[in-house]
Structures are given as structure tokens and as C-alpha cells.
Amino acid sequence: MTDTAHVSTADVARSLFIERFGAEPVGTWSAPGRVNLIGEHTDYNDGFVLPFAIQHRTHVALAPREDGRIRVASTFDDAAVELALDELDGLFPGRRDEVPEWARYPLGVAWALLAASGANPADATGVDLAFASSVPIGAGLSSSAAIEGATAVALAETWGLSLDRVALAQAGRRAENEAVGAPTGIMDQMAALLGRADAAIFLDCRSLETQVVDLGFAQAGLEVVVIDTGVKHSHATGGYGERRAACERGAAALGVPALRDVTVDDLERLAGLVDDVTFRRVRHVVTENERVIETVRTLSEQGPTAIGELLVASHASMRDDFEISVPELDTAVEAALSAGAVGARMTGGGFGGAAIALVARDRVEQVRDAAIAAFSASGFTAPTVFTVVPSAGAGRD
Ligand code: ADP
Ligand code: MG
């Protein structure tokens, strides 16, 4: 945990607040990005995921204001966005184009929180919010859930809302789905809100029940290395929606509400019911769900060094069955494994972003060098390689 980096991003948010709004904030709140250890594209299939919060965080400096208006500012944009809180209902979802895309995240959270709490927007205290982040953007580390989580904890406290952490995560998801228009599941927000140091969150995406799972990486001498390919993904466009549709087709063909209800034994029956592509999409989700459960079991029974094969199998399934990898991600995984990583896989929604590798501490440099060399040999832009530490979830700084 880099405490200095943590403090300095909060200071950037505070300085931005003073610069844009000409006053002191009352405090800063923050929420982390996340890495998903295993369980990819299982969330919207009502399945299981195992993310952990990381040390990179988005901080928000906040002060209330008298006039029932909300202003948001970010290091991303020269101009703040301002409107009355009771205008949010008219803005989302239909007129979202009237505000810049980045502003839809925090404004969408404000909108979803007011709706969830039943508060009358006309009675809510106005707020100014200024954001700064150390979470890499679009790298599959969920800077989106970080900004949503930071906004949710800051506003819930300021407005005195009695919503629990799961409700705050749900407001973040609603903002992302309806205010931004990205059809994502709830994993990222749950990790950002519920994360714990040295632990992952085992989440049942159907019941939203969670279990804190000790990782014990530090004790086992392991580091999690992120290899960010720099290839940008987009949730709003491209293959993500197509994958969701394939999963829905598979569930419909088997007559179940979601692929969570399908076991490996059911796959044989499915083969005759759907086309090959749909079949392989379903097989990824069904086997991935089993790998998540198996990873939780292995962590507790054998410790973290034993989960490597599950990570590798997860990557192969995403590459071959779900077809959401890209050559850069495959190269990162192969380079890490050949340099002695315990396991490696792409993480996040796919089509770019980052791979993670579980690596013995004394091999981190070798993995980094191998990834950089392999990218260079393939003519890819050099990756950004760094380590992440399982860290605490959202809160007041
Ligand atoms: P990821 O979550 O993988 O980083 P997404 O596309 O889901 O990628 O979310 C990234 C988007 O979230 C950014 O393009 C921006 O609109 C918004 N965002 C994230 N962090 C911030 C921030 N600190 N300030 C303003 N907008 C942000
Ligand atoms: Mg995101």
C-alpha cells in the first residue's frame, strides 16, 4: 500500500476543488479500482465472481451548498458541469447526451441514490464535487466503479441516507447502466464498496451475498502483477453486448432464468439446441462459474500458490470459447507464464485492458522484463507493468 500516493491523489482532488469552486471542501472520500481474480462475464449471468479492491483509488473532495444544485469537476475536464438536483430526473436516461460522458457517472450516482432513498430531490442539500484518480482508465481496473463508489459514499454521508453498502453498489450499477448506458453487472461496484485488505470478495451475483475470502498473497511471498496492454476497450460498443445476448440465448434454450442454473452436465444437452458459437459462449460461463468456486475452495484448503492452474484455465476459456481476448493479452499471459508466474489470465471485460499474473516476489522483475520483451518482439506498444495489493473498499479518507 503506497500511503504517499494515496494521500497525494486526495490532495489533487482537494486542490482541484479549491481551484474550480473557490472554497475549501469539508472532506474527501474515496473508492478503489479492482482486479477480478477470477470469474469473468459470470456476473450478468447471476453467477460467481472473486474480485479484490486495489490500492489505486478515486478521491472526491466535497462541500455542501445552499441552493439545491450539484456541480461536478474532474481532472479530466476543464469545465465543471452544473445543474439543479431536481433536474436529474429529466436528464436520465433520455437526455444524457446533454452532459459530457464522464459527468454521467457521478451525476448518475446522485440520481440513483435519490431514487433509492426515496428522498425528494428538491429537498436534498446541494453539493460540489471534485474528482481525482490514480486508477488507470479503461485498463479493466474499473475506474468507473471507483468514481461511482467514491460518489456514493460521499453523497450518502452528506445526505444522511440510510442505505447499506450493497444499496450503494446498486446505485452505482444503475448509474452505469442507465445514466451512462453501459450494460455491466454489479461486480465492480461491490468490490469497490466492500473490499478488504489482503482479501477478495466472493460474490454471488444472484443473491448479492458476499463472503470475505482471505488471499494470503503477502504471507505466501506472492505479488499480483498487472500487465496493462494499453489497448482500450469500450463497454458501450463492440462485442460486450453480443456476448450478453449469446448468454441469454443459451439460458433461453435450456429454459432457465440465467446460466448460473446450468451445470457442466447440462452442456451436452445444449449442444443440440444452439449453434456452435452460442454453445462455446455458454461453456465459458458455466466452466468459469465452477472455477470461481474451486478457487475459493483451493485458497482455503491449499493456499494461494495452488490457484495457478485455475487462472490459466480461465484465460484459455476466454480466449478460445468466449473469444474476448486480443493478441496483446495472450502475449502478456504467455510471457508471464514462461517467466515463471504461478498463474496468469486476462482480467476485466476483454477486448483490451490488462492481464494479471500471480508471481513469486523474487520473479516479479523477470515477469516484467519478459512481458516488455515479448511485446517488443511482436511489434506491440510497450505495456505498463505494475503490482496491485488487495486493499480496503470505499470510505471517508
Ligand atoms: P474502466 O472502468 O475499465 O476504467 P470504463 O470505460 O468502464 O473503463 O470507465 C472509464 C470512464 O469512467 C472514463 O472514460 C470516464 O468517463 C469515467 N471516469 C473514470 N474515472 C474518472 C474520473 N476520475 N473523472 C472523470 N471521469 C472518470
Ligand atoms: Mg468500467
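Just above, that's the structure.
Owing to the predicted nature of the structure, the values given are computational and were not obtained by experimental measurement.

Asks: Tell me about the site of ligand 1, and name the residues and values.
Replies: Taken together, 15 residues surround ligand 1, and among them Ser-74, Gly-138, Ser-142, Ser-143 and Ser-144 come closest. Within the contact set of ligand 1, a nitrogen atom lies 2.7 Å away from a side-chain nitrogen or oxygen of Ser-74. With respect to ligand 1, the side chain of Ser-143 contributes an N or O atom lying 2.6 Å from an oxygen atom. In the complex, 89% of the free accessible area of ligand 1, which totals 570 Å², lies under the protein chains. Put simply, the parts of the chain that give the shell around ligand 1 at least two residues each are helix 3 (101-117) and helix 4 (143-159). Among the elements that line the shell around ligand 1, the one with the most residues is helix 4, at three residues. Its residues assigned to classes, the shell around ligand 1 shows six nonpolar, eight polar and one charged.

Asks: Give a description of the nonpolar core that names residues and reports values.
Replies: The biggest cluster of nonpolar side chains holds 54 residues, and the ones touching the most others in it are Ile-70, Val-72, Leu-88, Leu-107 and Trp-159. The greatest single-element share of this core, amounting to ten residues, is contributed by helix 3. Excluding residues within four positions of it along the chain, Val-72 makes contact with Phe-21, Ala-80, Val-81, Trp-102, Ala-103, Pro-106, Leu-107, Leu-129 and Phe-131. By size, the runner-up hydrophobic cluster in this structure holds 36 residues, among which are Cys-247, Leu-267, Leu-270 and Val-286.

Asks: Could you give an account of helix 5 (residues 165-180), with specific residues and numbers?
Replies: Here helix 5 is 16 residues long and its end C-alpha atoms lie 21 Å apart, about the 22 Å a rise of 1.5 Å per residue gives. Every buried residue of helix 5 is listed here: Ala-167, Leu-168, Ala-169, Ala-171, Gly-172, Ala-175, Glu-176, Ala-179 and Val-180. The elements touched by buried residues of helix 5 are helix 3, helix 4 and helix 6 (187-194). N-capping of helix 5 is provided by Asp-164, with a side-chain oxygen placed 3.2 Å from the backbone N of Val-166. Among the residues trailing helix 5, Gly-181 stands out with phi positive, at a value near 95°.

Asks: Describe the sheet that holds strand 9 (residues 222-228), listing the residues and the values that go with them.
Replies: With respect to topology, four strands assemble into an open sheet ordered 10-11-9-12, the strand pairing being antiparallel. At either end of the open sheet lies a strand with only one pairing partner, and these are strand 10 (343-347) and strand 12 (384-388). Going across the sheet, the axis of each strand differs from the next one's by a mean of 25°, ignoring polarity. For strand 10 and strand 11 (residues 354-360), the ladder comprises five bridges, and the chain directions are antiparallel. Opposite Thr-347, over in strand 11, you have Ala-354 as the bridge partner. In the packing of helix 11 (residues 327-338) onto the sheet, contacts are made with strand 9, strand 10 and strand 11, and the angle to strand 10 comes to roughly 165°.

Asks: Provide a residue-level description of the pairing of strand 1 (residues 27-36), including the pertinent values.
Replies: Two faces make up the sheet, and in a regular strand the side chains alternate between them. Judged by how many residues are buried, strand 1 sits mostly within the fold: ten of ten residues are covered. As paired strands, strand 1 and strand 3 (residues 51-65) are joined by nine bridges and run antiparallel to one another. Its bridge partner being in strand 3, Ser-30 is matched across the sheet by His-59. The sheet contact formed by strand 1 and strand 13 (residues 395-396) spans two bridges and is antiparallel. In the sheet register, Trp-29 faces strand 13, and the bridge partner there is Arg-396.

Asks: Can you explain the side chain of Asp-228? Please cite residues and give values.
Replies: The topology assignment puts Asp-228 in strand 9. Lys-232 provides the closest opposite charge to the buried, unpaired Asp-228, separated from it by 5.3 Å. Discounting residues that sit within four places of it in the chain, Asp-228 has contacts with Pro-136, Ala-139, Gly-353, Ala-354, Pro-383, Thr-384 and Phe-386.

Asks: So what's going on with the packing of aromatic side chains? Which residues, and what values?
Replies: Two numbers describe a pair of aromatic rings. These are the distance of the centres and the angle of the planes. On inspection of all chains with the given rule, the structure shows six aromatic pairs. Considering the side-chain rings of Tyr-44 and Tyr-240, the 5.8 Å spacing of their centres and the 65° angle between planes classify their relative orientation as edge-to-face. Of this pair, Tyr-44 sits in the loop between strand 1 and strand 2 (48-49) while Tyr-240 sits in helix 7 (residues 239-254), and the two are 196 residues apart along the sequence. The burial state of Tyr-44 is the same as that of Tyr-240; both residues are buried. Both rings, one in Phe-375 and one in Phe-380, keep their centres 5.5 Å apart while their planes meet at 75°; by these two values the pair is edge-to-face. Take Phe-375: its relative accessible area is 0%, and that puts it in the buried class. Look at Phe-380 and you get partly exposed, because its relative accessible area is 23%. Sitting over the ring of Trp-111, Arg-174 keeps its end group 4.3 Å from the ring centre.

Asks: Break down the pattern of salt bridges for me, with residues and values.
Replies: Charged atoms that come close allow side chains of opposite charge to pair. Taken as a whole and assessed by the stated rule, the structure comprises 27 salt bridges. With a closest N to O distance of 2.7 Å, Arg-69 and Glu-82 form a salt bridge. One end of the pair, Arg-69, is in strand 4 (residues 69-74); the other, Glu-82, is in strand 5 (residues 81-84), and 13 residues separate them in sequence. In this structure, Arg-361 engages Glu-223 in a salt bridge whose closest nitrogen and oxygen atoms are separated by 3.7 Å. Here the residue Arg-361 occupies a position in the loop between strand 11 and helix 12 (364-378), and Glu-223 occupies one in strand 9, the gap between them amounting to 138 residues. Taken together, the shared-partner salt bridges connect Arg-65, Asp-67, Arg-69, Arg-71, Glu-82 and Asp-128 into one network.

The rules we used
Residues numbered from 1 in each chain as written. Chains lettered and ligands numbered in written order. Predicted model: local features only at pLDDT ≥ 70, side-chain atom pairs only at ≥ 80, totals over all residues. Heavy atoms only, no water. Near = heavy atom within 4 Å. Polar contact = N/O pair within 3.5 Å; in protein donor to acceptor, adjacent residues only side chain to side chain. Areas by Shrake-Rupley, 256 points an atom, 1.4 Å probe, with all protein chains shown as cover. Helix = DSSP H or I, 4+ residues; strand = E, 2+ residues; numbered from the N terminus. Nonpolar A, V, L, I, M, F, W, Y, C, P; charged D, E, K, R; others polar. Core = buried A, V, L, I, M, F, W, Y, C linked by side-chain atoms within 4.5 Å. Buried < 20%, exposed > 50% of the residue type's maximum accessible area, 1.4 Å probe, protein only. Contact = heavy atoms within 4.5 Å. Expected span 1.5 Å × (residues − 1). Pairing = 2+ DSSP bridges. Axes fitted to C-alpha atoms, helices over the stretch in contact; angles between N-to-C directions. Lys, Arg positive; Asp, Glu negative; His and termini not counted. Salt bridge = Lys/Arg side-chain N within 4 Å of Asp/Glu carboxyl O. Phe/Tyr/Trp six-rings, centres within 6.5 Å; stacked < 30°, edge-to-face > 60°. Lys NZ or Arg CZ within 6 Å of the ring centre and 35° of its normal.

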